[in-house]
Structures are given as C-alpha cells and as structure tokens.
Amino acid sequence: MRIDLHTHSTASDGTDAPGEVVEAAAAAGLDVVALTDHDTTAGWAQAVDAALRTGVALVRGAEVSARSGGISVHVLSYLHDPAHPALLAETERTRDARRDRARHMVDLLGQDYAITWEDVLAQTVEGTTIGRPHIADALVAAGLVTDRSTAFETVLAPGTPYYVPHYAPGAVATVRGIRAAGGVPVFAHPGADGRGRVVQDAVIEEMAAAGLAGLEVHHRDHDERQRTRLGDMARTLGLFVTGSSDYHGAGKPNRLGENTTAPTVLEQIEELGQLDVIR
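Okay, so let's go over this structure.

Cut-off values and rules
- Residues numbered from 1 in each chain as written.
- Predicted model: local features only at pLDDT ≥ 70, side-chain atom pairs only at ≥ 80, totals over all residues.
- Heavy atoms only, no water.
- Helix = DSSP H or I, 4+ residues; strand = E, 2+ residues; numbered from the N terminus.
- Buried < 20%, exposed > 50% of the residue type's maximum accessible area, 1.4 Å probe, protein only.
- Contact = heavy atoms within 4.5 Å.
- Phe/Tyr/Trp six-rings, centres within 6.5 Å; stacked < 30°, edge-to-face > 60°.
- Lys NZ or Arg CZ within 6 Å of the ring centre and 35° of its normal.
- Core = buried A, V, L, I, M, F, W, Y, C linked by side-chain atoms within 4.5 Å.
- Salt bridge = Lys/Arg side-chain N within 4 Å of Asp/Glu carboxyl O.

### Topic: the environment of Val73
- On the secondary structure map, Val73 appears in strand 4 (residues 71-78).
- For Val73, a relative accessible area of 1% gives the class buried.
- Residues Val73 and Ala173, 100 residues apart in the sequence, show an inter-C-alpha distance of 12 Å.
- When sequence neighbours within four positions are dropped, the list of residues in contact with Val73 reads Val64, Ser65, Ala66, Arg67, Ser68, Ala171, Phe187, Val199 and Met207.

Written out as structure tokens, the structure is:
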C-alpha cells in the first residue's frame with residue numbers, strides 16, 4: 001500500500017485543483033492520499049468526489065500555521081472536525097493575516113518591481129489561502145524571476161526589504177487546538193533547515209507533551225542526518241513517523257509518492273481521528 005499524507009491544491013498554494021490532486025495520486029499509483037492545504041479545508045468536498053470516483057482513499061486534513069520563538073512551524077492536522085469553533089477561528093485569523101501580509105509585501109515590492117495586488121490575485125482562485133507562493137507566481141508571470149523557487153530564494157526571502165512576517169498561534173497551542181478538534185497532529189518537515197531556522201528539540205518535546213502524535217521524518221527537505229535524528233527522537237518520545245511528498249503540482253519539484261507512510265501508521269491516525277478516511 002502506497003500512502004502519501006501531505007499534498008496541496010489550489011485551495012492554498014498548489015497548482016492542481018483538489019480533485020486533480022486525487023486524480024494525480026491515482027495516476028501515480030497511490031492507494032491513499034491526504035489533502036492538507038494551508039489553514040483551510042475548502043478543497044475537501046471536491047477531493048471527496050474525486051476519491052469516490054477514482055478509488056484512491058482520502059485522508060482529509062490541513063497544514064496549520066504556527067510559530068515558536070519567531071520560527072515558522074507547520075503542523076499537519078488529520079481527520080479533524082472542520083467546523084470546530086476554536087480551530088476554525090484560529091485558521092481563519094491566520095488566513096486573514098497571510099492575505100494582509102501578502103498585500104503589504106506587494107506594496108513594498110511595487111516600489112521596485114512592476115507588480116500589483118491584481119497580478120497576485122490572478123494567480124489564485126476563489127477561496128485560496130493567499131501567501132508568498134502566489135506573489136512568487138505573479139513575479140514569474142511578469143518575467144521578473146524564472147520560477148517560484150528563485151523568488152523564494154531572492155526577493156521573498158526573510159531578511160530582504162520585502163519580507164513581512166504574519167500572525168500564527170504558538171506551536172504548543174496549535175497541537176492542543178488540533179487535538180480538541182478531534183484531529184491528529186503531526187509536525188511537518190521539522191528538520192527542514194534549508195528553509196531557515198528550525199525549532200530546537202525541546203520545542204518538539206513540549207509539543208509531544210501537549211499531544212503531538214507524529215513527526216514527518218521522510219521528506220525531501222531532510223537529509224539523512226535529519227532523518228536519523230528525527231527518527232531517534234520519535235522513538236524516544238513515542239511518536240509515529242510519516243513520509244510524504246509535500247506535493248504542490250507545478251509549484252514545486254516534489255513528486256507524489258516520493259516519500260510514503262507505513263500502513264500501520266495510517267491505522268493509528270484512523271484510530272485517533274474524529275473523521276473517517278474516505279474509501
């Protein structure tokens with residue numbers, strides 16, 4: 001059984017519609033896929049329809065934004081209640097903050113580059129969680145950078161005059177909030193130090209004490225050193241280990257199924273989550 005528990009659609013910063021993500025998973029030979037858009041469940045309904053049509057099992061989820069000591073943290077939430085008031089309020093607040101931050105960054109960029117907020121909106125669909133990837137796509141469309149990765153490595157990187165942080169709840173509070181909503185929290189790419197600073201082990205220990213269920217160990221942004229370190233930590237803390245692609249369609253080079261999760265781990269997620277896997 002091939003299981004990929006981390007993908008994105010046009011509901012956040014992927015380039016495939018939610019149904020297309022599931023169809024692509026079927027074409028890639030996956031048996032199970034999770035849709036985990038940033039701070040939103042807007043793509044779930046379309047993904048469910050595609051799952052029932054293709055026979056690919058669907059784990060409904062989201063990638064919830066958080067922070068710890070100024071460091072960005074992403075926590076995957078699987079099978080939670082999408083209408084849980086507290087979690088919904090936090091994700092909506094974060095989505096609003098992401099949009100406002102993006103608009104501020106575009107204002108700053110517009111002083112030096114021929115880019116407008118309308119250019120960014122042209123890279124989205126209705127209901128999209130707007131973020132830096134859409135600014136990057138607008139820069140590419142305008143011929144100002146060659147691709148999304150280049151934009152992130154240059155003008156959109158932290159420390160540049162155009163970078164603006166955004167609100168996100170604390171990492172420990174986010175884990176507790178996901179658990180309260182009946183979800184299963186997994187720390188996404190916790191050792192991806194190529195993206196910037198990562199949290200110390202003590203933070204992961206605090207998250208585990210608050211109810212963190214797993215670590216996404218097998219990810220293309222983790223080298224063997226990080227995979228070994230995180231695997232050892234998962235065993236010490238009693239957390240399960242996942243592997244995922246972090247697929248974004250044409251937005252990133254990540255390919256569906258390039259890292260996968262064991263069926264026994266999926267069983268644990270199903271046992272812990274409030275919702276059923278769609279089959």
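Still to come is the rest of the account.
### Side note on the packing of aromatic side chains
- Under the criterion given, the structure shown has one aromatic pair.
- Summarising the aromatic geometry, the rings of Tyr113 and Tyr162 are spaced 5.8 Å apart at their centres and angled 70 degrees between planes, so their arrangement reads as edge-to-face. Here the residue Tyr113 occupies a position in the loop between helix 3 (85-109) and helix 4 (117-121), and Tyr162 occupies one in the loop between helix 6 (148-153) and helix 7 (171-180), the gap between them amounting to 49 residues.
- With a relative accessible area of 27%, Tyr113 lands in the partly exposed category.
- Sitting over the face of the ring of Tyr167, Arg93 holds its NZ or CZ atom 3.7 Å from the ring centroid.

### Looking at the environment of Leu215
- With respect to the helices and strands, Leu215 occurs in strand 6 (residues 214-218).
- What makes Leu215 buried here is its relative accessible area of 0%.
- For the pair formed by Leu215 and Leu230, sequence separation is 15 residues and the distance between their alpha carbons is 7.4 Å.
- Not counting chain neighbours up to four residues away, the residues in contact with Leu215 comprise Val186, Phe187, Pro190, Ile204, Leu230, Ala234, Leu239, Phe240, Val241 and Thr242.

### Let's talk about the nonpolar core
- Membership of the largest hydrophobic core comes to 35 residues, with the highest contact counts inside it found for Val22, Leu58, Val59, Tyr78 and Ile269.
- Sorting the residues of this core by element identifies helix 1 (18-27), strand 2 (32-38), helix 2 (44-54), strand 3 (57-68), strand 4, strand 5 (184-187) and helix 10 (263-272) as the ones contributing at least two each.
- The biggest single contributor to this core is helix 2, with five residues.
- The residues contacting Val59, other than those within four sequence positions of it, are Leu5, Val32, Val33, Ala34, Leu35, Tyr78, Leu79, Leu266 and Val277.
- Among the nonpolar cores identified, the runner-up in size contains 25 residues, and Leu87, Ala181, Phe187 and Leu230 belong to it.

### Some words on the pattern of salt bridges
- On inspection of all chains with the given rule, the structure shows 11 salt bridges.
- For the salt bridge of Arg98 with Asp39, the shortest nitrogen-to-oxygen distance reads 3.1 Å. Placement of Arg98 in helix 3 and of Asp39 in the loop between strand 2 and helix 2 is noted, with a sequence separation of 59 residues between them. The residues Arg98 and Asp39 share a single accessibility class, namely buried.
- Salt-bridge contacts for Arg148 lead to Asp137; the nearest nitrogen and oxygen are separated by 2.7 Å. Taken as a pair, Arg148 in helix 6 and Asp137 in helix 5 (residues 132-141) lie far apart in primary sequence, 11 residues in all. Neither residue differs from the other here; Arg148 and Asp137 are each classed as buried.

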